[in-house]
Amino acid sequence: MTFSRAYRMVVAAVLGGALIAVAAPAPAVAAAHRELTDYLAAHPGGVPVDANEISYGDGALLVTLRAPVGVHALADCPRGWFCFYDRPDFGYPRGKLSDCGRQNLATWQWQFRIGSAHYNMSSGKATFSYNDTALFTVGVTNPVRTDAAPWRDWANFVTRRC
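These numbers were taken from a predicted model, which means no experiment stands behind them.

Colleague: When you look at the sheet that holds strand S7 (residues 116-120) in this model, what are you seeing that I'm missing?
Modeller: Consider a sheet: its strands pair through backbone hydrogen bonds, and that pairing is either parallel or antiparallel. Taken in spatial order, the 7 strands make up an open sheet running S1-S2-S3-S5-S4-S7-S10, and their pairing is antiparallel. The two strands at the open ends of the sheet, each matched to only one other strand, are strand S1 (47-50) and strand S10 (144-145). Looking at chain direction, strand S4 (residues 81-87) and strand S5 (residues 91-97) are connected through 5 bridges and run antiparallel. When the bridges of S5 are listed, Phe84 appears paired with Gly95.

Colleague: Looking at this model, I keep getting lost on the sheet that holds strand S11 (residues 157-161). Mind explaining?
Modeller: Ordered in space as S6-S11-S8-S9, the 4 strands form an open sheet in which the pairing is antiparallel. With partners counted over all chains shown, the strands left at the sheet margins are strand S6 (101-104) and strand S9 (133-139), one partner each. Within the sheet, the average angular offset between the axes of one strand and its neighbour, ignoring direction, is 20°. Bridge count between strand S8 (residues 125-130) and S9: 6 bridges; the pairing is antiparallel. Looking at the pairing, Tyr130 lines up with Thr133 of S9.

Colleague: I tried to follow the nonpolar core on my own but got confused; where do I start?
Modeller: The tendency in soluble globular proteins is for nonpolar side chains to be buried as a group. Formed by 27 residues in total, the largest nonpolar core has its most connected members in Phe82, Phe84, Trp110 and Phe128. Within the residue set of this core, elements represented by two or more residues are helix H2 (26-42), strand S2 (53-56), strand S3 (61-64), S4, S7, S8 and S9. Contacts of Phe128, omitting those with residues within four sequence positions, involve Phe82, Phe84, Leu105, Ile114, Ala117, Ala134, Leu135, Phe136, Val138, Ala155, Phe157 and Val158.

Colleague: I would appreciate a short explanation of the pattern of salt bridges in the present structure.
Modeller: Pairing between side chains of opposite charge can happen when their charged atoms approach one another. Within this structure, the stated rule accounts for 7 salt bridges. Between Glu53 and Lys96 there is a salt bridge whose closest N-O contact spans 3.6 Å. Placement of the pair is Glu53 in strand S2 and Lys96 in strand S5, with a sequence separation of 43 residues. The same class applies to Glu53 and to Lys96, which are both buried. Note that Arg94 is salt-bridged to Asp76, the shortest N-O span being 3.3 Å. Taken as a pair, Arg94 in strand S5 and Asp76 in the loop between S3 and S4 lie far apart in primary sequence, 18 residues in all. The exposure classification of Arg94 matches that of Asp76, with both residues buried. Overlapping salt bridges, with partners in common, bring together Asp86, Arg87 and Arg113 in one network.

Rules behind the numbers
- Residues numbered from 1 in each chain as written.
- Predicted model: local features only at pLDDT ≥ 70, side-chain atom pairs only at ≥ 80, totals over all residues.
- Heavy atoms only, no water.
- Pairing = 2+ DSSP bridges.
- Helix = DSSP H or I, 4+ residues; strand = E, 2+ residues; numbered from the N terminus.
- Axes fitted to C-alpha atoms, helices over the stretch in contact; angles between N-to-C directions.
- Core = buried A, V, L, I, M, F, W, Y, C linked by side-chain atoms within 4.5 Å.
- Buried < 20%, exposed > 50% of the residue type's maximum accessible area, 1.4 Å probe, protein only.
- Contact = heavy atoms within 4.5 Å.
- Salt bridge = Lys/Arg side-chain N within 4 Å of Asp/Glu carboxyl O.

Given below as structure tokens:
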């Protein structure tokens, strides 16, 4: 009886996986793959983590291409990171960092494209700047910047003070 139960579980798992594979619409998978390859062509140097995320600098920066289903205009930076978004109102793609110190956003082709930001760490702050001129800051006391205006798309450096 134990063998037949184990056998049924294996068969159910295999069939379940087959149904998931059949249920995934081919055009959606192709579109996601095309988006990933287009992003990497425009922003070289990254390594795909999955169909929606790319790692740069051995994981120093993670870029998420699309918001999770049902998430729109929400600050959704995971705990332990500070995030910046390509568009105002947290519009994706989203970049996320956690390192301290000054970083050149050009390293990951994120210079001049910060539209909003979210700081989701327990201490410190991150200041976005144009060269040596501070533009705006997000941190523990002011964790979100819904719109980086009037400095939208100006930042080319970010400095995190830990």
